[in-house]
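# Descriptive analysis of the structure
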Amino acid sequence: MSKTTPMAQAVNQESETRCFQFKSTRAALNELILTTSDTQLLKPQLAAHAARVPMLFSNMPVILNLQQLPSAPTLEALQSLLALCRELSLVPVGLKAAPESATELCTTLQLADFSHQRRSTRDSEPAKTAPEPAEPAPAPQPATAAAKVITTPVRSGQQVYARGSDLVILAPVSAGAEVMADGHIHVYGPLRGRAMAGVNGNTDARIFCQSMEAELISIAGYFKTSEDLHAECWQQPIQALLRGSRLDTVSL
Amino acid sequence: MAEIIVVTSGKGGVGKTTSSAAIGTGLALRGFKTVLIDFDVGLRNLDLIMGCERRVVYDFVNVINKEATLNQALIRDKRTENLYILPASQTRDKDALSVEGVEAVLNELAESFDYIVCDSPAGIEKGAQLALYFADTAVVVTNPEVSSVRDSDRILGVLQSKSRKAEQGETVKEHLLLTRYSPSRVDAGEMLSVDDVKEILAIPLLGVIPESEAVLKASNQGVPVIMDGDSDAGQAYDDAIARFLGEDREHRFLNVERKGFLSRVFGRKG
């Protein structure tokens, strides 16, 4: 056939099914900055915090920052710190420590080394926290990344997730589609699918929409189905928010 | 370079093949060199609608497997100049198609044709995905009922995420073709209206084809319904083709026709 050359190329491209792909990604990571390595002191405070925002602590990946500790902890102390984190459903994924000791500690504990993440040297102490204001503090606030903006219709069967940010949709969300965000959700077309705000447990998240026709809305796990919505606010411009454990719809 | 049009719907039995035949024939009647490809491997139907089933020797799968050349497999339509049909294989299944194979065939066709019309199988699986993968333009065939509309919505999502255009960051042009429309049933509240469907799918309306006895007759006779210029469905398809080519035509057959005195007396059908 006359088309052998382009076809051969096409075959080569398609038949080599790749087993992996490296892709840069931006995951929302929180840092647990410790000012003491005394687990006795730390445990009640951390546990109290976990009790207040249980959703946040459910397997949240964290970086342990040891750079603010008065003295470098021993390996044993560090191991008990890690055990405490895991006990409270945190998942330590890496360390920030003094660069001299970090490599060895990380190798021993099989954790990632984040100590060299910042451009500023260790010596310039005050600059340490300043250069990266986007870095989330270890407070229960979600990361404040720029909102994800969708301009085309979200069709039945499609899923959109704004990880660590708000979600803004300037088109219809069809029945059978799912839109999710760690922050707020704004829908400027009719909302006919499912909308889940604050999926990482953020109870302050809200859902705003121009025409409420959703199959289901949910905030931090509290939900309402279209049956309830039919009675309350069908095809109305509304916002949905949590009041205690009640999901309320308020007209805009 | 040819424009590749996929006629798709998600749901089965809504009129994809009837519409493909009408669109292909309509474009050829206007002087464009057009080829109709049946992607429904295993459920070959397009050749029946086009009335060329007795002339099928080689098929799409044969060409992909290089058991036949494209010229051997293409069937020239006897009624319409410039129109060719590439039939599907009845004895194979969708796995016989491959991305590279389909691409090679489409590239070869693109050299000599103006329009390539791909008649997609139902569903959202491999067959349907391959039919739409290379498309420049999609005609989404929808019936005025909720399940068909939802399936069309699903296939629109697939189009804008899994087609080659989407992978290259471009968009596939979308057209809505509403078929089997019955104004009297819309008035009675038994059927979704044009506006309802447009509101849900949010894509431009190419045409509304009324429910018509002419369609079944045409299918069984193997004559594309667009050739039946006296029928409402035939005229509606002709309007749709005109709009597709950029003409501005008003939508017809959207309202219940008031029957005149004579037609009431003689019971003539519209």
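The structure contained in this document is the topic of the report that follows. Treat the numbers as computed from the prediction; the structure is a model and nothing was measured.

Analysis parameters
- Residues numbered from 1 in each chain as written.
- Chains lettered and ligands numbered in written order.
- Predicted model: local features only at pLDDT ≥ 70, side-chain atom pairs only at ≥ 80, totals over all residues.
- Heavy atoms only, no water.
- Buried < 20%, exposed > 50% of the residue type's maximum accessible area, 1.4 Å probe, protein only.
- Helix = DSSP H or I, 4+ residues; strand = E, 2+ residues; numbered from the N terminus.
- Pairing = 2+ DSSP bridges.
- Right-handed = clockwise from strand over helix to strand, strands pointing away.
- Contact = heavy atoms within 4.5 Å.
- Patch = residues over 30% accessible without salt bridge, like charges linked within 9 Å, V, L, I, M, F, W, Y side chains within 5 Å.
- Areas by Shrake-Rupley, 256 points an atom, 1.4 Å probe, with all protein chains shown as cover.
- Salt bridge = Lys/Arg side-chain N within 4 Å of Asp/Glu carboxyl O.
- Axes fitted to C-alpha atoms, helices over the stretch in contact; angles between N-to-C directions.
- Buried area = accessible area lost by both parts, 1.4 Å probe.
- Polar contact = N/O pair within 3.5 Å; in protein donor to acceptor, adjacent residues only side chain to side chain.
- Nonpolar A, V, L, I, M, F, W, Y, C, P; charged D, E, K, R; others polar.
- Lys, Arg positive; Asp, Glu negative; His and termini not counted.

All names here are of chain A. Of all 7 residues that make up strand 3 (residues 90-96), 5 are buried, and the element is covered over most of its length. Both strand 2 (residues 60-65) and strand 3 contribute to a ladder of 6 bridges, which runs parallel. The residue of strand 3 that forms the bridge with Leu64 is Leu95. Between the parallel pair strand 2 and strand 3, the chain is carried across by helix 4 (residues 75-87), and the sense of this crossover is right-handed. In the sheet, strand 3 pairs with strand 4 (residues 112-113) via 2 bridges, with the strands oriented parallel. When the bridges of strand 4 are listed, Gly94 appears paired with Ala112.

Here B:Asp153 is to be found in helix 7 (residues 146-162). Residue contacts for B:Asp153: discarding those within four places in its chain leaves A:Arg155, A:Ser156, A:Ser174, A:Ala175, B:Ile200 and B:Leu201.

This part is about a nonpolar patch on the surface. A grouping of A:Val149, A:Leu170 and A:Tyr188 is seen on the molecular surface, where their side chains present a nonpolar patch of about 290 Å² in accessible area. Position of A:Val149 relative to the elements: it lies in strand 5 (residues 148-150).

This part takes up the pattern of salt bridges. Residue and element names in this part refer to chain B. Within the structure shown, the criterion is met by 24 salt bridges over all chains. Salt-bridge contacts for Glu211 lead to Arg180; the nearest nitrogen and oxygen are separated by 3.3 Å. Of the two residues, Glu211 sits in the loop between strand 8 (205-210) and helix 11 (213-221) while Arg180 sits in strand 7 (residues 173-181), which places them 31 residues apart along the sequence. Its relative accessible area of 40% is what places Glu211 among the partly exposed residues. In this structure, a network of salt bridges that share partners links the residues Arg30, Asp238, Asp239, Glu247, Arg249 and Arg252.

Residue and element names in this part refer to chain A. Taken in spatial order, the 4 strands line up as 1-2-3-4 in an open sheet, and their pairing is parallel. Every other strand in the sheet has two partners, leaving strand 1 (30-33) and strand 4 as the edge strands with one partner each. Sheet strands in contact with helix 4 are strand 1, strand 2 and strand 3, and its direction is about 145 degrees off that of strand 3.

Below, the discussion takes up the interface of chain A and chain B. With 15 residues of chain A at the interface, the matching set in chain B holds 23 residues. In total, chain A and chain B occlude about 1600 Å² of area from one another, counting both sides; carbon and sulfur atoms represent 54% of this. Seen at the junction of chain A and chain B, the total is 3 salt bridges. Summed over the shared surface of chain A and chain B, the number is 6 residue pairs in polar contact (both at pLDDT 80 or more). For the side of chain A that touches chain B, the residue count by class is 6 nonpolar, 4 polar and 5 charged.

With that settled, the discussion passes to the side chain of B:Glu174. Topologically, B:Glu174 is positioned in strand 7. The buried charged residue B:Glu174 lacks any salt bridge partner; its closest oppositely charged side chain belongs to A:Arg155, at an N-O distance of 4.3 Å. Reaching out from B:Glu174, the side chain makes a polar contact with the side chain of B:Gln160 at a distance of 2.7 Å. Aside from chain neighbours lying at most four places away, what touches B:Glu174 is A:Arg155, B:Ala138, B:Leu156, B:Gln160, B:Ile203 and B:Pro204.

Looking now at the sheet that holds strand 8 of chain B. Residues and elements named next belong to chain B. Ordered by their spatial adjacency, 8 strands build an open sheet running 3-4-2-5-1-6-7-8, and the pairing between neighbours is mixed. Every other strand in the sheet has two partners, leaving strand 3 (75-76) and strand 8 as the edge strands with one partner each. With 4 bridges joining them, strand 2 (residues 34-38) and strand 4 (residues 83-86) adopt parallel strand pairing. Looking at strand 4, one finds that Val35 is bridged to Tyr84. Sitting on the sheet, helix 1 (residues 16-29) is in contact with strand 1 (3-8), strand 2, strand 4, strand 5 (115-119), strand 6 (137-142) and strand 7, with an inclination near 170 degrees to strand 5. Packed onto the sheet, helix 7 meets strand 1, strand 6 and strand 7 and runs at close to 165 degrees relative to strand 6.

It is worth spelling out the environment of A:Lys224 at this point. All names here are of chain A. Take Lys224: it is sitting in strand 13 (residues 222-225). Looking at Lys224, the relative accessible area reads 14%, which means it is buried. Beyond its immediate chain neighbours, meaning those up to four positions away, Lys224 contacts Glu215, Leu216, Ile217, Leu229, Glu232, Leu247 and Asp248. At 3.0 Å, the side chain of Lys224 forms a polar contact with the side chain of Glu232.

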